[in-house]
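Residue-level listing of the chains:
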Amino acid sequence: MKSWDVIIAGGGIIGLSLSIALRKSGARVLIVERGEPGREASSAAGGMLVDGSLETHAALQSLATPSARLYPEFVHEIETQSGMKVDLRDQGTIIFPPPEQVHEHAGLTTAALLNAPLAELEPALAEDSRVAFHLKERSVDPQALAAAAVKAAKHQGVDFSSGDPAISVNLSNGSVTGLTTTKTTFLASKVINCAGAWAGQIAPHKFPTRPVKGQMLSLVTPSRALLSHVVRAPEVYLIPRSDGRIVVGTTVEQVGFDKRTDVPTIQRLYRAAVKMIPALRDAKILKDWAGLRPGTPDDLPILGATATPGYYVATGHFRDGILLAPITAQIMADVVAGNPCHQDLSPFSPGRFAR
Ligand SMILES: Cc1cc2nc3c(=O)[nH]c(=O)nc-3n(C[C@H](O)[C@H](O)[C@H](O)COP(=O)(O)OP(=O)(O)OC[C@H]3O[C@@H](n4cnc5c(N)ncnc54)[C@H](O)[C@@H]3O)c2cc1C
């Protein structure tokens, strides 16, 4: 019977990036995906690569900063191997922080006051008397990134099993022997749980991940040049894509595994976008959608080896999984290969919730 060195449960951006990193060291890798790879949170995201201390959880900074630095190289590799473009943009972000952050001046060291009047930087923005900062920050189209990562992983020789959920990690004498799905069993001495918001559903460990819904919409603008920067304010954020679409977000809702959008919420986001850019009044709503972020009780990812020899986990990336994909892949590939890891992973330890 065929076997693999490593099986990854879950083909979102975390599982896909990790599969590519593992293939580089020669491992035979299988991704077991319940649906279609890349179609859950990883395709629903906004794609802002937010690593500034103003908004990043302090404990996450040690992952966020290096991951943001890795992004151009990460994208270059995926684009080259897939032959697809993922719209990595580096025009930066204009942020209107909530008043309490402006008063505290917390973390404003990474932000700079605008180097030109708002009306010059973004002529389409309505006049706004709030304090605004410029952040050197990139964005990517997550749907394009996830699709390209699937193609790149296939190109690298990663195997896929799609359409059948993993239900348990198999053990013999306490060590991993493979993964069982609702239809079959796959053999490997190492398994990594990358099942996002659903990670807690695969036996034997009940990782405390929970779905945190976010609703979004995208607009097609008559003019491609309507917005150049990402614009982020407490009430709404706007992410321009290079083809003229503007993605508008979002909500943070604890409503279980429910991916429906609702009209009042989408209308509220649309109205907030139009208030910020009046010319969006003429824009068409292309689509709306919702995705489920993998949340955890302390809002930090769960990364590393579990108490079961051969069983690893990389999930719980909550609002930052697109940003954190490159560093997660690098760290987890080292952990799984038994290489020294230079990162302190104790804040993300899978065992921390048992304490
Ligand atoms: C609205 C919204 C906006 C966001 N904006 C941003 C942003 O701007 N920047 C940013 O960095 N992040 C953002 N995020 C967060 C980011 O999308 C996630 O953190 C990231 O996609 C998590 O990746 P993942 O691979 O862990 O999860 P997912 O993409 O959800 O992948 C998990 C995969 O596991 C599969 N699976 C589940 N159960 C099983 C099973 N039993 N067996 C096999 N497969 C299974 C699922 O089908 C899925 O494909 C946003 C998320 C949302 C929802």
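The residue count restarts for each chain, going from 1 along the sequence in the order it is written. Only residues with pLDDT of at least 70 get local features here, since the model is predicted, and only at 80 or more are side-chain atom pairs given and counted; chain-wide, interface and lining totals rely on the full set of residues. The basis for the side-chain values is all heavy atoms of the structure; hydrogens and waters are excluded.

Undergrad: Sorry, what's going on with the nonpolar core here?
TA: For soluble globular proteins, the rule of thumb is that nonpolar side chains tend to be buried together. Take the buried Ala, Val, Leu, Ile, Met, Phe, Trp, Tyr and Cys residues and link them wherever side-chain atoms come within 4.5 Å; each set so joined is a nonpolar core. Accessible area is worked out with a 1.4 Å probe on protein chains only. A residue is then buried under 20% of its type maximum, exposed over 50%, and partly exposed in between. Counting 51 residues, the largest nonpolar core has Ile8, Leu22, Leu145 and Ile192 as its most contacted members. Of all the secondary structure elements, the ones that give two or more residues to this core are strand S1 (3-9), helix H1 (13-24), strand S2 (29-33), helix H3 (61-82), helix H6 (142-155), strand S18 (311-315) and helix H8 (321-337). Elements are defined by DSSP. Helices are runs of H or I of four residues or more, strands are runs of E of two residues or more, and each kind is numbered from the N terminus. Tallying contributions element by element places H8 first for this core, with eleven residues.

Undergrad: Would you take a moment to explain the domain arrangement of the protein chain for this structure?
TA: Note on interface size: it is often stated as the accessible area lost on association of the parts. Source of the domain bounds: an automatic or database domain assignment. By the assigned domains, the protein chain splits into domain 1 (3-82 + 143-209 + 297-353) and domain 2 (93-135 + 211-295). Distance from the C-alpha centre of domain 1 to the C-alpha centre of domain 2: 28 Å. What makes two residues a contact is simply this: any of their non-hydrogen atoms within 4.5 Å. In this complex, domain 1 contributes 23 residues to the contact, which on the side of domain 2 involves 29 residues. Note: buried area is the sum, over both parts, of the accessible area (probe 1.4 Å) each one loses when the two are combined. In total, domain 1 and domain 2 occlude about 2100 Å² of area from one another, counting both sides; carbon and sulfur atoms represent 59% of this. Counting the surface domain 1 buries against domain 2, the share from its top three residues, Met48, Leu54 and Phe318, is 33%. Whenever Lys or Arg places a side-chain nitrogen within 4 Å of a carboxyl oxygen from Asp or Glu, that contact is recorded as a salt bridge. Linking domain 1 with domain 2 are two salt bridges, by the criterion used here. Here Arg232 ties to Glu55 by a salt bridge, and the two come within 2.7 Å at their closest N and O atoms. Classifying every residue of the side of domain 1 that touches domain 2 by side-chain character gives ten nonpolar, ten polar and three charged. Asp, Glu, Lys and Arg are counted as charged, while Ala, Val, Leu, Ile, Met, Phe, Trp, Tyr, Cys and Pro are counted as nonpolar; the rest, among them Gly, fall into the polar class.

Undergrad: Which parts of the structure should I look at to understand the site of the ligand?
TA: A molecule or strand has a residue near it when one of that residue's heavy atoms lies within 4 Å. Neighbouring the ligand are 38 residues, the closest being Glu33, Ser42, Met48, Phe318 and Leu323. Note that a nitrogen atom of the ligand is positioned 3.0 Å from one of the backbone N or O atoms of Arg34. To be clear on the numbers: accessible area is Shrake-Rupley with a 1.4 Å probe, and residue cover counts the displayed protein chains and nothing else. Across the complex, the protein chains shield 98% of the 1000 Å² of accessible surface that the ligand would expose by itself. Examining the composition of the shell around the ligand, we find that four residues originate from one element, strand S16 (residues 284-295), more than from any other. Taken together, the residues of the shell around the ligand break down into 20 nonpolar, twelve polar and six charged. N or O atoms within 3.5 Å of each other form a polar contact, as long as, within protein, one can give a hydrogen and the other can take it, and as long as residues adjacent in sequence are counted only when both atoms are side-chain atoms.

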